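# An overview of the molecular structure
What follows is the residue order along each chain.
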Amino acid sequence: MAAEVVVVGSCMTDLVSLTTRLPKAGETILGHKFFVGFGGKGANQCVQSARLGAKTSLICKVGNDSFGNDYVDNLKKNGISTAFVGQTADAATGTASIIVNSEGQNVIVIVPGANLLLNFEDLKRASDVICKAKVVVCQLEITPAISLEALKMARASGVKTLFNPAPALADLDPQFYTYSDIFCCNETEAEILTGIPVGNLEDAEKVGRMLLERGCKLVIVTLGAEGCMMISGEEPIPKHVPAGKVRAVDTTGAGDSFVGALAFYLAYYPKLSMEEMIRKSNCVASELVQHYPSK
Ligand SMILES: Nc1ncnc2c1ncn2[C@@H]1O[C@H](COP(=O)(O)OP(=O)(O)OP(=O)(O)O)[C@@H](O)[C@H]1O
């Protein structure tokens, strides 16, 4: 049976060191804990959808190395189809080397590696699975032209497109707006794309209107603890969809959890109103922020 949610995106191995303070240039310091995690926006969003029960396929590229092998195993354990997870000898699996101090501040170096080698040929090979999906989800941690092509392939087959412009590019190809059925960004991404700093709901509404003018059908701006703002061509009066009041202890990955959950509801509960899908996705993401990572 074909996957209902298809994600075209990134896999990154997180290499996390916990220290009391961040090292200065040239300095060596002792850390007190190290762990390896599975990250990357594409994979995170796909895992969230799968954990809610979606039949999923991830189209991505990892290295022909131990991190890549472990990543493939991790996707399989999460019930995700790895039929289109490529492994290349030409680059290492993408990594995020992260140092976190005791105040929770961090420094991060991302090396995208194999993620940038996902190419048009890979998409062509996966065209059947893309075109038979209910929803195709893309972000910007792979080569942007590949994300755009995936959105175009989906659109050409009448598949719903959900685009998360993360990390944001100030000079985003304007075709991304027209090929996104749902354009979902956070406050930082909204500001980079529009130049409007988003500090409250009214700012988010301004962003929403601007992005609709650029060709999006429906815009969602996620607002952290405040939930989301949604606006669409069909419903041009912006709506605030609040998140539940919870005690957040770690909001890392909240955006990915929201996008993955939304993909699940779009694919499996298409008759729900968009407001209801967003409310449910808020619930999923706000559940995540209440827990420390299980490391
Ligand atoms: N403190 C919080 N309380 C309740 N829900 C939250 C909180 N923070 C985030 N969320 C939920 O997660 C969604 C996405 O959060 P946010 O807008 O912070 O995304 P993000 O900045 O992309 O996240 P991150 O970069 O940390 O992964 C929100 O719309 C909301 O549903």
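Fair warning: this is a prediction, and the values are worked out from it, not measured in the lab. (Residues numbered from 1 in each chain as written. Predicted model: local features only at pLDDT ≥ 70, side-chain atom pairs only at ≥ 80, totals over all residues. Heavy atoms only, no water.)

## Focus: the side chain of Glu4
Looking at the secondary structure, you find Glu4 in the segment before strand S1 (5–8). Setting aside its immediate chain neighbours within four residues, Glu4 contacts Lys55, Ala133, Lys134, Val135, Ala267 and Tyr268. (Helix = DSSP H or I, 4+ residues; strand = E, 2+ residues; numbered from the N terminus. Contact = heavy atoms within 4.5 Å.)

## Observations concerning the site of the ligand
Taken together, 19 residues surround the ligand, and among them Thr222, Gly224, Thr251, Gly253 and Asn282 come closest. Here an oxygen atom of the ligand sits 3.1 Å away from a polar atom, N or O, in the side chain of Asn186. Within the backbone of Thr251, an N or O atom sits 2.9 Å from an oxygen atom of the ligand. Protein chains bury 82% of the 620 Å² of accessible surface belonging to the ligand in isolation. Counting only elements with at least two residues in the shell around the ligand, the list comes to helix H9 (254–268) and helix H10 (274–288). Top element by residues in the shell around the ligand is H10. It accounts for three residues. For the shell around the ligand, the residue count by class is nine nonpolar, ten polar and no charged. (Near = heavy atom within 4 Å. Polar contact = N/O pair within 3.5 Å; in protein donor to acceptor, adjacent residues only side chain to side chain. Areas by Shrake-Rupley, 256 points an atom, 1.4 Å probe, with all protein chains shown as cover. Nonpolar A, V, L, I, M, F, W, Y, C, P; charged D, E, K, R; others polar.)

## Considering the layout of surface pockets
The method is simple in principle: a probe with the dimensions of a water molecule rolls over the atoms, and the space it marks as empty is what remains. Estimates place the volume of the second largest pocket at around 390 Å³. What lines the second largest pocket is a set of 18 residues, among which Lys160, Ile182, Leu218, Glu234 and Met274 lie closest to the centre. Of the residues in the lining of the second largest pocket, the class split is nine nonpolar, three polar and six charged. (1 Å grid on protein atoms, 1.4 Å probe; cavity = no way out; pocket = protein on both sides within 12 Å on 5 of 7 lines; lining within 4 Å. Points joined across faces, edges and corners; volume = space filled by probe spheres on them.)

## Side note on the pairing of strand S4 (residues 56–63)
Taking burial as the measure, the eight residues of S4 include eight buried ones, the bulk of the element. Residues Thr56, Leu58, Cys60 and Val62 of S4 are buried on one face, and the alternating residues Ser57, Ile59, Lys61 and Gly63, pointing to the opposite face, are buried as well. By the bridge criterion, four bridges tie S1 to S4 in an arrangement that is parallel. Residue pairing for S4: Val6 is matched across the bridge by Ser57. Sheet topology places S4 next to strand S5 (residues 85–88); four bridges connect them, and they run parallel. Residue pairing in the sheet places Cys60 in a bridge with Val85 of S5. (Buried < 20%, exposed > 50% of the residue type's maximum accessible area, 1.4 Å probe, protein only. Pairing = 2+ DSSP bridges.)

## Details of the UniProt feature "binding site: substrate" (unreviewed entry) in the protein chain
Taken from the UniProt record, the annotation "binding site: substrate" (unreviewed entry) applies to Met12, Thr13, Asp14, Gly40, Lys41, Gly42, Ala43, Asn44, Glu141 and Asp256. Mapped onto the secondary structure, Glu141 falls in the loop between strand S8 (135–138) and helix H5 (144–156). Classification of Glu141 as buried rests on a relative accessible area of 13%. Non-local contacts of Glu141, meaning those with residues more than four positions away in its chain, are made with Ser10, Met12, Gly40, Lys41, Asn115, Leu116, Ala166 and Pro167. In this structure the side chain of Glu141 is engaged in a polar contact, spanning 2.5 Å, whose partner is the side chain of Ser10. Summarising the element assignment, Asp256 is placed in helix H9. For Asp256, a relative accessible area of 8% translates into the label buried. Beyond its immediate chain neighbours, meaning those up to four positions away, Asp256 contacts Lys41, Asn44, Gln45, Gln48 and Asn164. (UniProt positions renumbered as here; feature names shortened; annotations may be inferred.)

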